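# Structure at a glance
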Amino acid sequence: MRPIDTSGAPAPPAAPRPAAPPSSLSPSRAGDFMRCPLLYRLRVIDRLPEKPNAAATRGILVHAVLERLFDLPAAERTAARARAMVTGEWERLLAARPELAELFERDEDGTPAPERVAEWLATAERLVERWFTLEDPTRLEPAERELSVRTTLDSGLRLRGIIDRVDVAPTGEVRIVDYKTGRAPPPAYAADALFQLKFYALVLWRLRGTVPRGLRLVYLGSGDVLTDDLTEADLRAVERKLLALWDAIGRATRTGDWPPSPSRLCDWCPHRALCPAWGGTPPPYPLTVAADPAAGEGERPADGAG
């Protein structure tokens, strides 16, 4: 897990980060571009700040508990012990990011913040407890937890991400596991849901030379588990998809053409007020637009932060 400052001292305000072309790709940002190119631009190039989100923060909290639980001896990895860890992990997270307290300001209905925090923590506890109906941590010894991975493909495309868990069987076969605090998607969208894990599998393959054979998505919100098996051909197909996606990002970076893509997910978009599809106006494009939109076709975007 990412280091957390437990000193309790308020974090200094972050210095503004200048706009820059993207230089690498993560599963989340790839998903942003496929969902809505404008959302990708506002997050990656404009780097607009986003207010804390209760659901996303709960996901961070639950992930922290499930990671730290494996620090305990196998016999002590019980549901009761995991539930008891939720409050302490929340305190650690809040110490590192004091701005998260804003999630629980007094609501319009006058609900006191302490009661809202307790209710929110109870939902996190229920998600943690449900995990024990899906996996048995007393029989698991993960090879890696919260593993940060980076690699550069032969094309020059840099890939990065953080894998929740990597299991290695006695036979040496590798399985990638990811926890989701939401509900499992309908079967028709299973392939889209597995894209993130296939991305990670490609990175691990390029880093270690071994194809991860198993993928496992654990949905704590609905109590479902989605699995898949991989071959080298599958990962080569993922690589081709990412290269095509990166080319599309490169063209948009050069031309400044980042169209919105309205969908039902717009209700949860932090930048909806800036979206032309909803009557908003995005900020001026902060990068130089190529004089000839067709120039440099197939090139990668210039180096920068992405």
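The following refers to the structure shown. For every chain, the first residue of its written sequence is number 1, and the numbers climb from 1 along that sequence. Only residues with pLDDT of at least 70 get local features here, since the model is predicted, and only at 80 or more are side-chain atom pairs given and counted; chain-wide, interface and lining totals rely on the full set of residues. With hydrogens and water set aside, each side-chain value is computed from the structure's full complement of heavy atoms.

### Looking at empty space enclosed by the protein
The distinction between a cavity and a pocket rests on a 1 Å grid over the protein atoms alone: a 1.4 Å probe fits inside a cavity but cannot get out, while a pocket stays open yet meets protein on both sides within 12 Å along at least five of seven lines, and a residue with an atom within 4 Å of a point counts as lining. Grid points are joined across faces, edges and corners, and a volume is the space filled by probe spheres set on the points. By the definition in use, this model includes 2 cavities of 30 Å³ or more. Its boundaries defined by the atoms lining it, the largest cavity holds a volume of some 120 Å³. Each helix is a run of DSSP H or I of at least 4 residues and each strand a run of E of at least 2, with the numbering of both proceeding from the N terminus. Among the elements that make up the lining of the largest cavity, the one with the highest residue count is helix α2 (residues 37-45) (3 residues). Tallied by class, residues from the lining of the largest cavity come to 8 nonpolar, 3 polar and 2 charged. Residue classes follow a fixed rule: Ala, Val, Leu, Ile, Met, Phe, Trp, Tyr, Cys and Pro count as nonpolar, while Asp, Glu, Lys and Arg count as charged, and any other residue, Gly among them, counts as polar.

### Focus on the pattern of salt bridges
Salt bridges are defined by distance alone: a side-chain nitrogen of Lys or Arg within 4 Å of a carboxyl oxygen of Asp or Glu. Summed over the entire model, instances satisfying the criterion amount to 22 salt bridges. In this structure, E50 engages R43 in a salt bridge whose closest nitrogen and oxygen atoms are separated by 2.6 Å. Here the term buried applies to any residue with accessible area under 20% of the maximum for its type, exposed to any over 50%, and partly exposed to those in between, with areas from a 1.4 Å probe on protein chains only. Judged by its relative accessible area of 34%, E50 is partly exposed. When its relative accessible area of 24% is taken as the criterion, R43 is described as partly exposed. The salt bridge involving E125 is made with R83; its shortest N-O contact spans 3.0 Å. Highlighted residues: E125 in helix α5 (residues 113-131) and R83 in helix α4 (residues 79-96), separated in sequence by 42 residues. Assessed through its relative accessible area of 16%, E125 is described here as buried.

### Re the nonpolar core
In this description, a nonpolar core means a group of buried Ala, Val, Leu, Ile, Met, Phe, Trp, Tyr and Cys residues linked to one another through side-chain atoms lying within 4.5 Å. In terms of nonpolar packing, the biggest core is built from 50 residues, with L25, L159, L242 and W258 touching the most fellow members. The element that contributes the greatest number of residues to this core is helix α6 (residues 190-208), accounting for 12 residues. Ranked by size, the runner-up nonpolar core spans 28 residues in total, among them L66, F70, A124 and W131.

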